[in-house]
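# Results of the structural survey
Okay, here's what each chain looks like letter by letter:
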Amino acid sequence: MSKENQLKEIHASGKSYAIYKSLNGFDLYTDFSKKITLNNKNVSGFLNKKRVSKKPQDTDLFIGFFGYELLNNLIGIKVPKQKSMNFPKGIFYKPEKKISYSNKLVNYRIDKVRLKKKFKININRKSYTKIFDKFKKKIKSGETYQIKICTKYKLKSAIDPLDFFCRLSKTNLAPEAFMIRDKDYSIISCSPENLITKKGSLITTKPIAGTVRKNKRMNKTKALSYFRNNLKETKEHNMIVDMERSDMSRICKVGTVKLSKEKAVEEYKDLFHYVSLIKGKVKKNIKNIDIIKAMMPGGSVIGCPKISTLNLLNNQEKENRNIYTGSFGYLKFNGDMKFNIIIRSILNYKNISEISVASGVVVDSNAKHEFSENFIKAKALIDLFK
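All residue numbers here refer to positions counted from 1 along the written sequence of the relevant chain. With pLDDT at 70 or above as the cut-off, local features in this predicted model cover only qualifying residues; side-chain atom pairs require 80 or more to be listed or tallied, and sums for whole chains, interfaces and linings still use all residues. Hydrogens and waters are ignored; side-chain quantities use all the structure's heavy atoms.

## Topic: the packing of helix H6 (residues 220-229) against helix H7 (residues 231-249)
- Interaxial angles span 0 to 180 degrees and are taken between N-to-C directions of axes, which are lines fitted to C-alpha atoms, for helices over the stretch in contact. The numbering of helices and of strands both runs from the N terminus, where a helix is a DSSP run of H or I of at least 4 residues and a strand a run of E of at least 2. Running from N to C, H6 and H7 point in directions that differ by 80°, and their axes come no closer than 5 Å. Between H6 and H7, the angle is such that the two are roughly perpendicular. Listed contacts from H7 to Tyr226, Phe227, Arg228 and Asn229 of H6 are Leu231, Glu233 and Thr234.
- As a working rule, the residues Ala, Val, Leu, Ile, Met, Phe, Trp, Tyr, Cys and Pro are called nonpolar, Asp, Glu, Lys and Arg charged, and the rest polar, with Gly in that last group. Grouping the amino acids of the contact of H6 with H7 by side-chain chemistry returns three nonpolar, two polar and two charged. Our angle categories are set so that under 35 degrees counts as roughly parallel, over 145 as roughly antiparallel, 65 to 115 as roughly perpendicular, and the remainder as oblique. It only takes one pair of heavy atoms within 4.5 Å for two residues to be counted as in contact.

## A few points about empty space enclosed by the protein
- Of the two site types, the cavity is a set of points on a 1 Å grid over the protein atoms alone where a 1.4 Å probe fits but cannot get out, and the pocket is an open set with protein on both sides within 12 Å along at least five of seven lines, each lined by residues with an atom within 4 Å of a point. Grid points are joined across faces, edges and corners, and a volume is the space filled by probe spheres set on the points. Tallying each qualifying case throughout the model produces three cavities of 30 Å³ or more.
- By volume, the largest cavity is sized at about 150 Å³.
- Lining the largest cavity are 19 residues, and of these Lys148, Val301, Arg344, Ala358 and Lys377 sit closest to its centre.
- Of all the secondary structure elements, the ones that give two or more residues to the lining of the largest cavity are strand E13 (208-213), strand E20 (352-361) and helix H10 (367-382).
- Sort the elements by how many residues they give to the lining of the largest cavity and E13 lands first, with four residues.
- A breakdown of the residues in the lining of the largest cavity according to their chemical character gives eight nonpolar, five polar and six charged.
- Looking at the second largest cavity, its volume works out to about 100 Å³.
- Forming the walls of the second largest cavity are Asn172, Ala174, Cys190, Pro192, Tyr268, Lys269, Asp270, Leu271, Arg344, Ile376, Lys377 and Ala380.
- Take the lining of the second largest cavity: its biggest share by element is three residues, from H10.
- When the residues that make up the lining of the second largest cavity are grouped by side-chain class, the tally is seven nonpolar, one polar and four charged.

## A short note on the layout of surface pockets
- One number sums up the size of the largest pocket: a volume of about 730 Å³.
- Lining the largest pocket are 25 residues, and of these Leu23, Thr197, Lys199, Tyr330 and Lys338 lie nearest its centre.
- Breaking the lining of the largest pocket down by element, the ones donating at least two residues are strand E1 (17-21), strand E2 (26-30), strand E11 (194-199), strand E12 (202-205), strand E15 (271-281), strand E17 (327-332) and strand E18 (337-340).
- Take the lining of the largest pocket: its biggest share by element is four residues, from E11.

## Points about unusual backbone geometry
- Along the chain, Met296 connects to Pro297 via a cis peptide bond; the corresponding omega equals -10°.
- Among the secondary structure elements, Pro297 is positioned in the loop between helix H8 (288-295) and strand E16 (303-304).
- The omega angle of the peptide bond from Cys304 to Pro305 is -5°, so this bond is cis rather than trans.
- In this structure, Pro305 sits in the loop between E16 and helix H9 (306-316).
- In this model, Thr325 sits at a positive phi of 65°, which is unusual for a non-glycine residue.
- One non-glycine residue, Asn351, adopts positive backbone phi at about 60°.

## What about the side chain of Arg321?
- Along the chain, Arg321 falls in the loop between H9 and E17.
- The class of Arg321 is buried, set by a relative accessible area of 1%.
- Contacts described as polar in this section are N or O atom pairs within 3.5 Å, which, within protein, must combine one atom able to donate a hydrogen with one able to accept it, while residues neighboring in sequence count only if both atoms come from side chains. One polar contact links Arg321 to Glu317, side chain to side chain, over a distance of 2.7 Å.
- Among residues more than four places away in sequence, those in contact with Arg321 are Tyr68, Lys148, Cys150, Lys152, Val301, Ile302, Leu313 and Glu354. Exposure classes here rest on a 1.4 Å probe applied to the protein chains alone. A residue is buried below 20% of its type maximum, exposed above 50%, and partly exposed in between.

Quick look at the structure:
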């Protein structure tokens, strides 16, 4: 049986599975022998447990996600009671089967009428501007230097996650794209941002800070010029890079944390991003939990300084973020790991599709521009429902 037909058969069978973008294509993980639903009581034990395989295999790993609230709790930050759909705080799976695919994943599409309903947004522009003005005062008073206001788009809908993921991969292929299909939920993501890649003692992170909309007049060269000449984008990027370097320095050997690639432009379906790459060498005796606590939640989607900004956000936001700005990836038995930041994602749970986005507020920001930027980030996902 061809790999393409294998995927179609796995999907049709109702089996749970996960797909994660790899360097040369996609990796599919299935035949899960364990499913661990994480909470505040068991997350430390899960991360600290040493796992050894008698006969090493490429399925010697756990793949899954940490939700935003769980990552806050892990570093001692409480999230006040918020409106919630009671989605799990985190889930990891132990696969027994892995199938690798090229970038052309599978030719799969269901033939049915697309939904004509419109997404509802939880914060309109007027409400957004009020929050924006409140946070600008916090910036001027020195409580934070940058903060990301989250908005949610929701739609009541059942979806076929493989159909959505295949179409998304064709139109907006992203380096950290992934999907999960389980019995009671699915996640489809075109996340562009890698938070942690660790192989042996080498660790990297790739912060993204800076967004500009694509149009006929804006190509990659002009986008780079725009970012370099835009004071607000430059400030935002520098602050996030400095914060990520500080986070990495907590777990890396002195003098090893360095910028490997500084301020480059990456191109996506509807926008350009401003990115950098930071590398370091992990200290001896650093554990998985130390790395997760140092690096998560990813600063580029929160703001800085991280701890005070998290507290400001959590006291302002009325709805639970669920997976948004959490992390998806895998932990290998040998200590290697790879995790993204969960952005540009659809969570479908209880037949509700939820898309969360955020844009950064600094002292030079404009509320109208930032509100519009949020929609640009959600557009590629909203288009899947048309």
